[in-house]
Amino acid sequence: MSMAQSPEPLDVDRESTRTGMSKTALKQGFLDNLFYIQGRFREVATPHDLYMAAAYTTRDRILERWIKSAQHYKSNQSRTVCYLSAEFLLGPHLANNLVNLGIVETATEAAHELGLDFDAIIAEEEEPGLGNGGLGRLAACFMDSLSTLQIPSIGYGIRYEFGIFDQTIEDGWQVEKSDNWLRNGNPWEIPRPKIRFPVFYGGYTEQYRDHDDRTRTRWVPAQIIDGVAYDTPILGYGVGNVNLLRLWKAEASESFDFQAFNVGNYYGAVHAKIEAETISKVLYPNDEPEAGKELRLKQQFFFVSCSIQDMIRLQFNTVGPLDSFAEKFVVQLNDTHPSLAVAELMRLLMDEHDMDWDRAWDITHRVFCYTNHTLLPEALETWSVSLFERLLPRHLEIVYEINRHFLDEVRIRFLGDEERVRRMSLIAEDGERRVRMANLAVVGSRAVNGVAALHSELVKTTLFKDFHDFWPDRFHNVTNGVTPRRFMVVANPRLARLISETCGSDDWIRDLGRLRDLEAHAMDSGLHERWHAVKIAAKRDLAAWLKHRTGVLLDPEAIFDVQAKRIHEYKRQHLNLLHIIRCYQRIKQSPNQDMVPRAFIFGGKAAPGYFMAKLIIKLINAVAEVINNDPQINGFIRVVFMPDFNVKNGQHLYPAANLSEQISLAGKEASGTGNMKFSMNGALTIGTLDGANVEIREEVGKENFFLFGMSADEVGQHQREGYRPWEYYARDAELKSDIDLINSGLFSHGDTQLFRPLTDRLVNQDPFMVLADYRAYIACQDHVAEAYRDHQHWTRMSILNVARMGKFSSDRAIREYAEHIWRTEPHPIGL
Ligand code: Z2T
């Protein structure tokens, strides 16, 4: 960490071109960076050169605040939140940093005076897609809010060389292309080659006697890999605080390399380098664990070990002795991916820093907190004991020892209840023995939370019922939130401006509850007109974007009905499809009926190995092709699949949506966060009582939310009574004809077999009860269409949705974590 003083301006020019916020300073800074870093003149610069110069000019202004923050945190020995996450789905930095610096207008004017197209410069940025979906994006929103709330924090993760794949659609199928996001350089990161830690793998453990004749354990690894820090500054909105996102890149250990050279094995040394670097090479593109992938376990241990070693280094650099480690640091585990941290901290405290078990455990279990993100049983991580032992022999010993202490406690409390002991054990013993990472995380943590009220209840009553019986006070809820900076101000500047003008202030950007001020104007016809105009403008922009990318032309007057999220059966994109097919059949049967035009828009990636999800994408595109080209439909309904849904593309989608599809089977979506992003941008929701939908509906009012379908309780009941989807198929003639139409080959050039795996699964198994909710969904969609006819009323509902979304700011979520879980205080850095 830099010990330097905040840079004193050497002279006026330097001050103004590196840190000045005036238009002149920005222009000069930009031209200097273009010349001295990019080696370009204005006349020969490529669009990418211009983007890089803009990025450096912005970064210059952040760095000064960063050094100030680091110095303040250090000298105050501030309690620090460490957010450990295998994923950070950041999205593009430039526009977001300009908003947080408060210089969007000045920068835009500066660019125009230089004759540059600023929007084009911003669009040049390749986004760091270091995450799959909600979980990774949540981590990014939390980083923004931690800085904005001035809470000292470090995000720790992996600097994947390849992030989530780029999706293209070829012949209707998803095709994955590798995401070479670092190809043209990354101006936002600062490599820290001297912040480097060794990470051990494999080998064996042995006992030895130390100087005090105590028995100690030594881990003799078979492989050592170095983790090198790459830092990205995360600036808060309108504050001087800059926190750190520290991502680890794997490199061959210098000492290992040297050994290979000594025996003359040059090729061996180079090979070791290549193998070492594979550890941070690529993000696993699944939203649930891929069974038994050794490299994935290596990745998890890699970033966990580097991060904990770094925290111990910081402890020595700031506070001193390790006894106060749990006062200096709190670690939030983002799902179980980093839960090896529990065993790794124990190992480092005992084996490297001389602590006995009890002292080490006392610290460890006060440091960690764990967030659960799913109830889906197939998404709970376990690792086979044999793989675990081969890779992390010392950690297996520690896990066993934690388990022994823990199960002794369980046995004392629940005498003779060996069935319970078996369920709560860190080791699953049915079949091949496996380490249960969720149980490790719960046992090793001081607090456990779910991500929406319903989900946190289900965590207590189903998933972790035994643990809740045992430690009721350990369980919490923190409903997710999203950052209004990126998802309102950056994504939807027109709406942001209208809100600020209507409320007479932009305070809502840091205090989202202030959106309530809009309610006073919800009946104001002047506002209605402007609100509608803002939405139409966003719809035109999106339509142009989609026309350019897909060739499909949408009517901006139509209802923009959007479902954008990972493709998964539990999210039920196929339920949406059945409604589209119903609309299609209705028009075919009575072509002259008066119906509200709709544009059905989908976006989302399927895990490359998830066959059924990929088939759903193919079916969306197949249905689109038929409907969009049927002259009888005549554009009344249109279907389009937005390729490569990611943060950047999502920013085009949220502002343009009229209707947000949140139609998962109740009890399956832990929270959802897209639901919040849409509603904040004035879309109405059609949704089930699942995840955060429940709370969104409570906030916006049930009259402003289109609810349908079974509740989580009803789902459970229905399943216990025996669910027979084929009976729905047999009894509901329209449902039957919609499914039969898929099987007819109409959407597949006569191929009656292509979609059989999907339709057979619906009729015979239907694990996510699409057929049970079909009728209610169709009826609810009919209400939506009727409601849309009354433009005044719809606009009023849209305004009220935005006005009542204050709760769903990630600032509120972070405040709850800080107060109830972390017990951290803000440390303001002045401007
Ligand atoms: C993920 O994005 C989510 C849960 C996971 O469980 C894994 C991934 Cl990659 C292991 C999502 C949830 O599905 C979603 O409901 C939630 O809003 C989001 O995490 C953030 O909590």
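None of the values given here were measured: they were computed from a predicted structure.

Strand β20 (residues 598-603) sits mainly inside the fold: six of its six residues count as buried. Where strand β19 (residues 559-564) meets β20, six bridges bridge the pair, whose relative direction is parallel. Note on β20: the bridge partner recorded for Val562 is Ile601. This β-α-β element, β19 to helix α23 (residues 573-589) to β20, shows right-handed connectivity.

Moving on, we get to the site of the ligand. Around the ligand, a shell composed of 15 residues is seen, among which Leu135, His373, Asn480, Glu669 and Gly672 lie nearest. At 2.8 Å, a backbone N or O of Leu135 approaches an oxygen atom of the ligand. Grouping the constituent residues of the shell around the ligand by class yields five nonpolar, seven polar and three charged. Each of two domains, domain 2 (77-92 + 127-479 + 816-822) and domain 3 (484-710 + 774-806), supplies a minimum of three residues to the shell around the ligand.

Once that is clear, we can look at the nonpolar core. The biggest cluster of nonpolar side chains holds 144 residues, and the ones touching the most others in it are Phe302 and Trp822. With ten residues, the single largest contributor to this core is helix α10 (residues 294-318). Mapped onto the domain boundaries, this core takes at least three residues apiece from domain 1 (1-76 + 97-126) and domain 2 (77-92 + 127-479 + 816-822). Residues in contact with Trp822, not counting those within four places in the same chain, are Arg79, Val81, Leu146, Val330, Gln332, Cys369, Arg446, Ile814 and Tyr817. Leu615, Ile663, Leu665 and Trp794 belong to the second-largest nonpolar core, a separate cluster that totals 72 residues.

Below, the discussion takes up the confidence of the model for the protein. Low-confidence regions, as indicated by low pLDDT, have predicted coordinates that should not be scrutinised in detail. For the protein, mean pLDDT is 96; residues scoring 70 or higher make up 97% of the total. Counting interchain partners and residues more than four positions distant, the pLDDT-below-50 stretch residues 1-7 has 13 contacts. Complex prediction metrics read pTM 0.97 and ipTM 0.99.

Now for the sheet that holds strand β23 (residues 684-687). Strand order in this open sheet of six strands is β21-β20-β19-β22-β23-β24, and the pairing throughout is parallel. Every interior strand has two partners, whereas the edge strands, β21 (637-642) and β24 (706-707), have only one. Bridge count between β23 and β24: two bridges; the pairing is parallel. Looking at the pairing, Ile686 lines up with Phe706 of β24. On top of the sheet, α23 reaches β19, β20, β21 and β22 (659-662); it is set at about 155 degrees to β20, its chief contact. The strands touched by helix α33 (residues 791-803) are β22, β23 and β24; relative to β23, the strand with the most contacts, the crossing angle is about 85 degrees.

Thresholds, definitions, all that
Position numbers for residues start from 1 in each chain and track the written sequence from start to end. Only residues with pLDDT of at least 70 get local features here, since the model is predicted, and only at 80 or more are side-chain atom pairs given and counted; chain-wide, interface and lining totals rely on the full set of residues. Values shown for side chains rest on all heavy atoms present in the structure; no hydrogens or waters enter the calculation. Burial classes: relative accessible area under 20% of the type maximum marks a residue as buried, over 50% as exposed, and values in between as partly exposed (1.4 Å probe, protein chains only). Counting from the N terminus, the helices are DSSP H or I runs at least four residues long and the strands are E runs at least two residues long. Strands are treated as partners if at least two bridges between them are detected by DSSP. By definition, the crossover connecting two strands over a helix is right-handed if that path, from the first strand to the second, turns clockwise as seen with the strands pointing away from the viewer. Only a single heavy atom is needed: when it lies within 4 Å of a molecule or strand, its residue is near that molecule or strand. Side-chain atoms alone can form a polar contact between residues adjacent in sequence; in general such a contact is a pair of N or O atoms within 3.5 Å, and within protein one must be able to donate a hydrogen while the other accepts it. For this classification, the nonpolar set comprises Ala, Val, Leu, Ile, Met, Phe, Trp, Tyr, Cys and Pro, the charged set comprises Asp, Glu, Lys and Arg, and every other residue, Gly included, is treated as polar. Marked domain ranges trace back to an automatic or database domain assignment. The nonpolar core is taken to be a set of buried Ala, Val, Leu, Ile, Met, Phe, Trp, Tyr and Cys residues, with the residues joined through side-chain atoms within 4.5 Å. Any pair of residues with heavy atoms lying within 4.5 Å of one another is described as a contacting pair. Known as pLDDT, the predictor's per-residue confidence is scaled from 0 to 100. Every angle, taken between N-to-C directions, lies between 0 and 180 degrees, and every axis is a line fitted to C-alpha atoms, over only the stretch in contact when it is a helix.

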